[in-house]
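Each chain, written out:
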Amino acid sequence: MTDNGNASEELVTVGRVTTVYGVRGWVKVHSYTEPMDNILQFPKWWLRGPKGWEPLEIDAGKRHGKGLIVHVKGLDDRDLAAQLCQRDIAIARDLMPELEQGEYYWHQLEGLRVISRFDGEEHDFGSVVRMMETGANDVLVVRGGTDKRERLIPYLPDQFIKDIDLEAGVITVDWDPAF
């Protein structure tokens, strides 16, 4: 699978190879899954390369310190492993587990239009360009809209996020346009 046509739409980025670990072809992985070692449950990974997505087969992986390390099948050289670093890891979208009602994956929220209904007025804030993890809660990074500003809106469904309509492609928030 290469990154042309619908290929990238079929994949979901779930982590990133960050750096080499040791001298036998192991690499450190930053996982976007929760919990972090869920990434190890997926049988087939794709790695973003210069020519698109390339298959990547892992034959071992484990927690190490505060992160993860994995070994790429057939790769036992530190210098070759270094070529994998700073590249995104993806899996096929259809391998993602089903979520409960009202739960969403980050990739489902990215690209949605954000409308604020604040003090009885409606404001177009633009679209979710990415999600960000802060420790306390996740944050929507929203850009564009009528005033072309970037906004960081806490992803707190009981407080600021009022509705998410995936079919319409809209997130309704209660957020002061001055922020």
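Scroll up to find the structure.
Predicted model, so just to flag it, every value in this text is computed and none were measured.

**Points about the overall build of the chain**
And then number 1: Helix and strand content of the chain: two helices and 13 strands.
And then number 2: Along the first, second and third principal axes, the C-alpha atoms of the chain reach 60 × 35 × 30 Å.
And then number 3: A buried classification covers 37% of the 179 residues belonging to the chain.
And then number 4: Contacts in the chain between residues at least 24 apart in sequence constitute 51% of all its contacts with a sequence separation of at least 6.
And then number 5: Accessible surface, the chain: about 10700 Å² in total, of which carbon and sulfur atoms supply 47%.
And then number 6: If you average the places of the 21 positive and of the 31 negative side-chain charges in the chain, the two averages end up 8 Å apart.

**Let's talk about the layout of surface pockets**
And then number 1: The computed volume of the largest pocket comes to approximately 1200 Å³.
And then number 2: Residue lining of the largest pocket: 33 residues in total, with Tyr32, Thr33, Glu34, Tyr105 and Trp106 positioned closest to the centre.
And then number 3: When contributions to the lining of the largest pocket are tallied by element, the ones reaching two or more residues are strand 1 (11–21), strand 2 (26–31), strand 6 (67–72), helix 2 (106–109) and strand 9 (121–133).
And then number 4: Considering only residue class, the lining of the largest pocket consists of 16 nonpolar, nine polar and eight charged.
And then number 5: Computed from the structure, the second largest pocket encloses a volume of approximately 250 Å³.
And then number 6: Looking at the second largest pocket, it is lined by 15 residues, and the ones nearest its centre are Glu98, Leu99, Glu103, Gln108 and Leu166.
And then number 7: Mapped onto the lining of the second largest pocket, the elements with two or more residues apiece are helix 2 and strand 12 (161–165).
And then number 8: Grouping the amino acids of the lining of the second largest pocket by side-chain chemistry returns seven nonpolar, two polar and six charged.

Definitions and cut-offs
- Residues numbered from 1 in each chain as written.
- Predicted model: local features only at pLDDT ≥ 70, side-chain atom pairs only at ≥ 80, totals over all residues.
- Heavy atoms only, no water.
- Helix = DSSP H or I, 4+ residues; strand = E, 2+ residues; numbered from the N terminus.
- Buried < 20%, exposed > 50% of the residue type's maximum accessible area, 1.4 Å probe, protein only.
- Contact = heavy atoms within 4.5 Å.
- Areas by Shrake-Rupley, 256 points an atom, 1.4 Å probe, with all protein chains shown as cover.
- Lys, Arg positive; Asp, Glu negative; His and termini not counted.
- Charge placed at Lys NZ, Arg CZ, Asp CG, Glu CD.
- 1 Å grid on protein atoms, 1.4 Å probe; cavity = no way out; pocket = protein on both sides within 12 Å on 5 of 7 lines; lining within 4 Å.
- Points joined across faces, edges and corners; volume = space filled by probe spheres on them.
- Nonpolar A, V, L, I, M, F, W, Y, C, P; charged D, E, K, R; others polar.

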